[in-house]
Structure formats: structure tokens, C-alpha cells
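# Summary of structural features
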2 protein chains.
Amino acid sequence: MRYSKIPNETIRRLPIYLRGLAMLAQQGERSVSSGKLADFVSVPPFQIRKDFSYFGDFGTRGVGYDIANLSRQIKKILNLEPGHKAALVGVGNLGSAVLAYSGFRIYGFEVEAAFDNDPAKIGKKIGRVSVEDISKINTLARRGIMMAIIAVPEQTAQQVADSLVAAGVKGILNFSPKRITVPKKVKVITIDFATDLARLPYYIPSS
Amino acid sequence: MRYSKIPNETIRRLPIYLRGLAMLAQQGERSVSSGKLADFVSVPPFQIRKDFSYFGDFGTRGVGYDIANLSRQIKKILNLEPGHKAALVGVGNLGSAVLAYSGFRIYGFEVEAAFDNDPAKIGKKIGRVSVEDISKINTLARRGIMMAIIAVPEQTAQQVADSLVAAGVKGILNFSPKRITVPKKVKVITIDFATDLARLPYYIPSS
């Protein structure tokens, strides 16, 4: 792989930069300094410059980074081709919020399929997706869907992960606070609201 | 501040370590090596050792880290006193999922109040919290609530943030993909599902 030396922490920040660049472009900006981008993404300027240096420096002194060029490079590194498809498993409160989420668009993602085991939900149309029976997960590979979002209760998260892996899914975004285990070739990213909330008191002066 | 030299990236990982340590303790473990903890938290062992070195090394060669002691130290650094209270604004799908979320407990958090502007939701009891009219946000300071979670549609996120700041809130967990601006003394942490999903394709080999 061409970019294999980029640290995971830098990879974690690249989508955040991409979102900041998209916001700046919407405001009509064409170039940006690391200092201005820093304000947008809450990452210090030196860190931004260091992160960008891993894949070549696109900045021009006194002018800054060209927004269109930099965005293109980041998308290329992240392998963010347009039309990436994801499936959602679990259409409860959280799953419904995911289906309604507007933030995926700037990355070219679509949630293309949704699954649940509740007969009252199966067949229901939410946005542009119809909820399917969870037993249909095995159709994902032939539909070209290799990413999935797990938003089921924690007791069933592992079982769902196993089905997804069996269905050929290569990447999982897991909202369950429970740890799930998968074969090494499958990448799991866990979102735990609590770990983010738990950082806040550090920054709040004691009263 | 005693620990002011700890990088933000280390602070970001501390709650993740704490969750891993809690899981290990539940399994009856009393000590853990950086290698075993690494498996639990998906952070490389060298990074774990480096992070812990910022606040003194609690590990013993060949034995590892004492789980109870290390957990106590991390909680102290993060200022995670038991009984931290948070308020939720926006009781839609996402807000309801937050109220039902079990993951806050290991950090000693309680969501103590919930607000919405929808008359159909106001007065409704969800879990142990009754939904209050959004105009009651100004009662937060006197109830000792200094942290809030924003789960409203993105068009109203800034307005809600302004009200929270006026109500004396010092830390905000923001689920809106829109950027909100607050005075420097207030800390905002943004959770954007999309930035996490956008990292997945990097780790998925192209087919």
C-alpha cells in the first residue's frame, strides 16, 4: 500500500479535515492556512501541518493550502470513492437517527439497506430505505455492500457482527458499548458516546 | 493545573482505557499488561505505555498495571468524580437513544434532565427523567448541571448552544454535524458519526 506509513491517529483526523474544508468551500474560500483550518477543526496548526506532511506538503507559504486539491488528496488516501454503500442493522431510536443523519453526504456515503428483527418495522420505509428482515443480511455481498453500522441492543451485537462477517462485510461501525470480536481482516470502529462525554470534566474547572 | 502537560490526544484515550479496565475487572482480572490492554482498546501497546508515562508509570515489569490503582488515577486526572450530572437537549430519536444508553454508568455520569420544545414530549417520562420545556434551560446552574448534550436538528444547534452557555453550562457534547461557536471558556466536543464511518474504507481492501 502506498500510504501505509500514515499513523492511525492521522487517518482518524483526515475526515475531520475534509469536513472543515467542505465548510470553508461552502463559504466560498479557495485556500486556507493551517491556522484558519485549525479554528474549524479544533486541531492545533502544528498537528495539521504534521498530518499533511505524511502525504506530501500541499501548502504554499503565505497562501496556504488549496482547498480543492487538498480535499481530493485526502479522499484518495481514505479511499473515499463516490457511491460507497453501507448497511444499517437495528432500526430503533439510534438506527433511525443514523438513517436521518445528513452528515454522511460530504463523504459520498449512502446508507443503502436497513435490517431489523421486529415484524412491526420490517417493510416500513424510512427515508429512501425499506427495512428488511434481518435474515436477509446474507444478500449484502452480492449487492456490493461491504460496510455496516451496528445499532442493536448490546446483548445481540456480537451475533449481528458474526452474521455481517459471514455476509462478507469488511468494515463495521459499532455503536454498542460492548466489545465485539471479529476476524483480523475485518475492521471495527466503535463509537461510544460515553467516552467522549467522559473527557468533558477534564476541561471544566471545578466549582 | 497539575496535569496540564498531558496532550489532548492522550486525554481522548483515557476514557477508552478506563472502559477496557472496567471490562477486565468484570472478568475478575486484577492486573493487566499493556499488550493485553491493547487488545481490549485497539490502541498499540507502545502508545498505551507512552500515555501512562505522562502521569507516572504504574506498571511493574512482568506483572503489569494494577487495574484498581490505574483506574483510580485515570478518574482523578479526568476529574471524573461520582455523580457528574448532564442535561440533554432534544428528545428525538437520537436524544431518546442517549437517554437509554447504558455506557455512561462506568464513568459515574447521570443524564439528570432532558429538554425539548415539542409540547407532545414535554412532561413525558423517559427512563428516570421527565422531559421539560426548553425554556427551563436557565435552571441548570442552580441544579448543579454544568454539562449538556445537544441532540437537536442542526438548524437550531447554535441557538441551543447559546442558551446553554447563558445558563452557565461549561461543557457541551454536540451531536450536530454543524459547527457551533461558543466562548473560549466553554469546551465543546463534537461527535460526528460520519467522520468515523469515513475512516472505514481506508482499512478495506478495494475489491
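Further up the page is the structure itself.
Residues numbered from 1 in each chain as written. Chains lettered and ligands numbered in written order. Predicted model: local features only at pLDDT ≥ 70, side-chain atom pairs only at ≥ 80, totals over all residues. Heavy atoms only, no water.

### Some thoughts on the environment of Leu 21 of chain B
Residue and element names in this part refer to chain B. Heads up, the condition is: Here a helix means four or more residues in a row that DSSP labels H or I, a strand means two or more in a row labelled E, and each is numbered from the N terminus. For each residue, the accessible area found with a 1.4 Å probe, counting protein chains only, is set against the maximum for its type, and the residue is called buried under 20%, exposed over 50%, and partly exposed in between. Note on contacts: a residue pair qualifies if any of its non-hydrogen atoms lie within 4.5 Å across the two residues.
Tracing the chain through its elements places Leu 21 in helix H1 (residues 8-26). The exposure class assigned to Leu 21 is buried, which follows from its relative accessible area of 0%. Along the backbone, Leu 21 and Asp 66 are 45 residues apart, and their C-alpha atoms lie at a distance of 9.7 Å. In contact with Leu 21, other than residues within four places in its own chain, are Val 32, Leu 37, Ile 67, Leu 70, Ser 71 and Ile 74.

### Let's talk about the sheet that holds strand E5 (residues 109-116) of chain A
All names here are of chain A. Short version of the rule: Whether two strands pair depends on DSSP finding at least two bridges between them. Every axis corresponds to a line fitted to the C-alpha atoms, with the helix fit spanning only the stretch in contact, and the corresponding angles, defined between N-to-C directions, vary from 0 to 180 degrees.
Spatially, the seven strands line up as an open sheet ordered E6-E7-E5-E4-E8-E9-E10, and their pairing is mixed. Whereas interior strands pair on both sides, the edge strands pair on one side only; in this sheet they are strand E6 (125-126) and strand E10 (187-190). Pairing between strand E8 (residues 147-150) and strand E9 (residues 171-174): four bridges, direction parallel. Counterpart to Ile 149 in the pairing with E9 is Leu 173. Set on the sheet, helix H6 (residues 154-166) makes contact with strand E4 (84-89), E8 and E9; between it and E8 the angle comes to about 170 degrees.

### Brief notes about the interface of chain A and chain B
One widely used convention gives an interface's size as the accessible area the parts lose upon coming together. In plain terms, the rule: Throughout, the accessible surface (probe 1.4 Å) given up by two parts as they are put together, summed over both, is called the buried area. Only one rule defines a salt bridge in this text: a Lys or Arg side-chain nitrogen within 4 Å of an Asp or Glu carboxyl oxygen. N or O atoms closer than or at 3.5 Å make up a polar contact, with two conditions inside protein: a donor-capable atom paired with an acceptor-capable one, and, for residues adjacent in sequence, both atoms drawn from side chains. Each residue is assigned to one class: nonpolar for Ala, Val, Leu, Ile, Met, Phe, Trp, Tyr, Cys and Pro, charged for Asp, Glu, Lys and Arg, and polar for all the others, Gly among them.
Taken together, the contacts link 63 residues of chain A with 62 residues of chain B. Both faces considered, chain A and chain B share a buried interface measuring about 6,100 Å² in area, 69% of it formed by carbon and sulfur atoms. On the chain A side of the interface with chain B, the three residues burying the most area are Phe 193, Leu 197 and Tyr 202 of chain A, jointly 13% of the side's total. Connecting chain A to chain B are six salt bridges. Taking the shortest distance from any N to any O, the salt bridge between Glu 9 of chain A and Arg 12 of chain B comes out at 3.0 Å. Our enumeration of links across chain A and chain B arrives at 14 residue pairs in polar contact (both at pLDDT 80 or more). No other element matches helix H1 (residues 8-26) of chain A, which puts nine residues into the side of chain A that touches chain B. Among the residues making up the side of chain A that touches chain B, the classes are represented as 37 nonpolar, 13 polar and 13 charged.

### Considering the relation of the copies chain A and chain B
Two copies of a chain can be linked by a rotation about an axis combined with a shift along that same axis. Short version of the rule: For the least-squares superposition of copies, only C-alpha atoms count, and only for residues with pLDDT at least 70 in both.
Under the fitted operation, chain A is carried onto chain B by 0.0 Å of movement along the axis and a turn of 180 degrees, and the coordinates agree to an RMSD of 0.0 Å. Within this description, the copies of the chain are treated as partners about a two-fold rotation axis. Among all residues of chain A, the one whose C-alpha sits closest to the rotation axis is Asn 93 of chain A, at a distance of 2.2 Å. Here 98% of the contact residues of chain A are again contact residues in chain B; the copies associate through an equivalent surface.

### Here's the deal with the packing of aromatic side chains
The line we're drawing: In summary, the pairing rule links any two rings of Phe, Tyr or Trp, Trp by its six-membered ring, whose centres are within 6.5 Å, and it sorts them by plane angle into stacked for under 30 degrees, edge-to-face for over 60 and tilted for everything else. Working rule: Lys NZ or Arg CZ, within 6 Å of ring centre, within 35 degrees of ring normal, means a charge sits over the ring.
By the definition in use, this model includes 14 aromatic pairs over all chains. Geometrically, the ring pair formed by Tyr 202 of chain B and Tyr 203 of chain B is edge-to-face, given 5.0 Å between the ring centres and 90 degrees between the ring planes. There is no split in this pair, since Tyr 202 of chain B and Tyr 203 of chain B are both buried. Grouping aromatic residues by their ring pairs yields a cluster made of Tyr 101, Phe 104, Phe 175 and Phe 193 of chain A together with Tyr 101, Phe 104, Phe 175 and Phe 193 of chain B. Geometry around Phe 40 of chain B places Arg 179 of chain A over its ring, the cationic atom sitting 4.1 Å from the centre.

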